[in-house]
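Examination of the molecular architecture
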Amino acid sequence: MKQRNSARAILLNNRSQLLLIQHQDSIPVDPAQPDVLKYWATPGGGIEAGEQPVDALQRELREELTLENVTIGRQIGVRNVSLNLPGEGCVISHEIYFVCYVSERPELNPAGLSECEYGTFKEIRWWSLEELHNTTEILRPSALTELVENALCVDSELVLL
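Let me sum up the structure you'll find in this document. Since the structure is predicted, the reported quantities are computational estimates derived from the model, not experimental observations.

Some remarks on the nonpolar core
- L11, L57, L61, V70 and C100 are the most contacted members of the largest nonpolar core, which has 17 residues in total.
- Secondary-structure elements contributing two or more residues to this core are β1 (2–12), β2 (18–24), α1 (53–65), β5 (70–85) and β6 (89–102).
- If you tally residues by element for this core, the top one is β6, at four residues.
- Excluding residues that lie within four positions of it along the chain, V70 makes contacts with L11, L61, C100, Y101, V102 and E104.
- If you look at the next biggest cluster of nonpolar residues, it comprises 15 residues, including L12, L132, L147 and A151.

So this is what it looks like as structure tokens:
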């Protein structure tokens, strides 16, 4: 199976809130959860040939959320998961998570979204750690709360998801 490398942001504001994007898929992306079409996920995306993960993440944050001044910090997690991505088919998604800080106000950028993203990205929202712990919404990755706790902890280790 083809591997797709991506860089993803645990994007925090000055109030330690996490920014997530709500997705509404027309077909299930995660074969392990075929009934899930609506969920919240971190911003980020594919790493292009010859691109470094941090450069890819800066590009994705600019394209998706019009963010120009993001501080990208340490790598805090890695996940490998089988996904069925529109336009790519079945892949092993190798996701690298970085803690990131922003003071700008993000907004979904229709001009920067791919056709697939434009159809599936519904809204963005800031979440407190308490809201993440108490939500009944589906969050991806499932260990997202642990990643955020890791991001907020200065002396933490890399999380393998």
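Having seen it, we continue.
Some details on the packing of aromatic side chains
- Counting across every chain of the model gives one aromatic pair.
- On the basis of an interplanar angle of 75 degrees and a centroid distance of 5.3 Å, the ring pair of W40 and W127 is categorised as edge-to-face. Within this pair, whereas W40 is found in strand β3 (residues 38–41), its partner W127 is found in strand β7 (residues 121–127), the two being separated by 87 residues in sequence.
- Of the residues examined, W40 reaches a relative accessible area of 3% and is grouped as buried.
- Among the residues examined, W127 registers a relative accessible area of 1% and is labelled buried.
- Taking the ring centre of W127 as reference, the NZ or CZ of R125 above it sits at 3.7 Å.
- Directly above the ring of Y39 sits R140, whose terminal nitrogen or CZ lies 4.1 Å from the centroid.

Cut-off values and rules
Residues numbered from 1 in each chain as written. Predicted model: local features only at pLDDT ≥ 70, side-chain atom pairs only at ≥ 80, totals over all residues. Heavy atoms only, no water. Core = buried A, V, L, I, M, F, W, Y, C linked by side-chain atoms within 4.5 Å. Buried < 20%, exposed > 50% of the residue type's maximum accessible area, 1.4 Å probe, protein only. Helix = DSSP H or I, 4+ residues; strand = E, 2+ residues; numbered from the N terminus. Contact = heavy atoms within 4.5 Å. Phe/Tyr/Trp six-rings, centres within 6.5 Å; stacked < 30°, edge-to-face > 60°. Lys NZ or Arg CZ within 6 Å of the ring centre and 35° of its normal.

The quantities given are spatial measurements derived from coordinates; they are silent on function.
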